[in-house]
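Chains, contacts and geometry: an overview
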Amino acid sequence: QVQLVESGGGLVQPGGSLRLSCAASGSIFSIYAMGWYRQAPGKQRELVAAITSGGSTNYADSVKGRFTISRDNAKNTVYLQMNSLKPEDTAVYYCYADLRTTAWSESGDYWGQGTQVTVSS
């Protein structure tokens, strides 16, 4: 069993900051990529940011320059530092990990339960 547990969501005013964390635990052999998606009401889930085990990153255009993704491979944890938050960043944020549970298994995506981020005055 693999679990991804997120923390750090909440209510923040426009222009404020939040830091999300996501820790993966359980039967994990290796993790290739970790990252964050978000889903706002009535909208499709979209990629926010991702980072590989080697440190390569990818960001949605809407968050470039404001959000920073980082990762602690030793702790199987990924972080999302969100600065200059806007009301349009309001969404449920989901952590994911592309990982293998054994040396001979194929990689697959595992998801966290989601954490609410609300940007409002």
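This text gives an overview of the structure that appears in the document. (Residues numbered from 1 in each chain as written. Predicted model: local features only at pLDDT ≥ 70, side-chain atom pairs only at ≥ 80, totals over all residues. Heavy atoms only, no water.)

With the rule as written, the count across this model stands at one disulfide. With a sulfur-sulfur separation of 2.0 Å, C22 is cross-linked through a disulfide to C95. Disulfide C22-C95: the torsion about the S-S bond is -75°, which places it as left-handed. Of this pair, C22 sits in strand 3 (residues 18-26) while C95 sits in strand 9 (residues 91-100); the two residues are 73 residues apart in sequence, bridging distant segments of the chain. With a relative accessible area of 1%, C22 lands in the buried category. For C95, a relative accessible area of 0% puts it in the buried group. (Disulfide = S-S within 2.5 Å. Helix = DSSP H or I, 4+ residues; strand = E, 2+ residues; numbered from the N terminus. Buried < 20%, exposed > 50% of the residue type's maximum accessible area, 1.4 Å probe, protein only.)

In this section: the pairing of strand 9. With respect to burial, strand 9 is a largely interior element, eight of its ten residues being buried. The sheet contact formed by strand 4 (residues 30-39) and strand 9 spans nine bridges and is antiparallel. Paired with M34 across the strands is A97, a residue of strand 9. Where strand 9 lies against strand 11 (residues 115-119), three bridges are found, and the strand directions are antiparallel. For A91, the partnering residue across the bridge sits in strand 11 and is V117. As judged from the four bridges shared by strand 9 and strand 10 (residues 108-111), these two strands associate in the antiparallel manner. Counterpart to L99 in the pairing with strand 10 is G108. (Pairing = 2+ DSSP bridges.)

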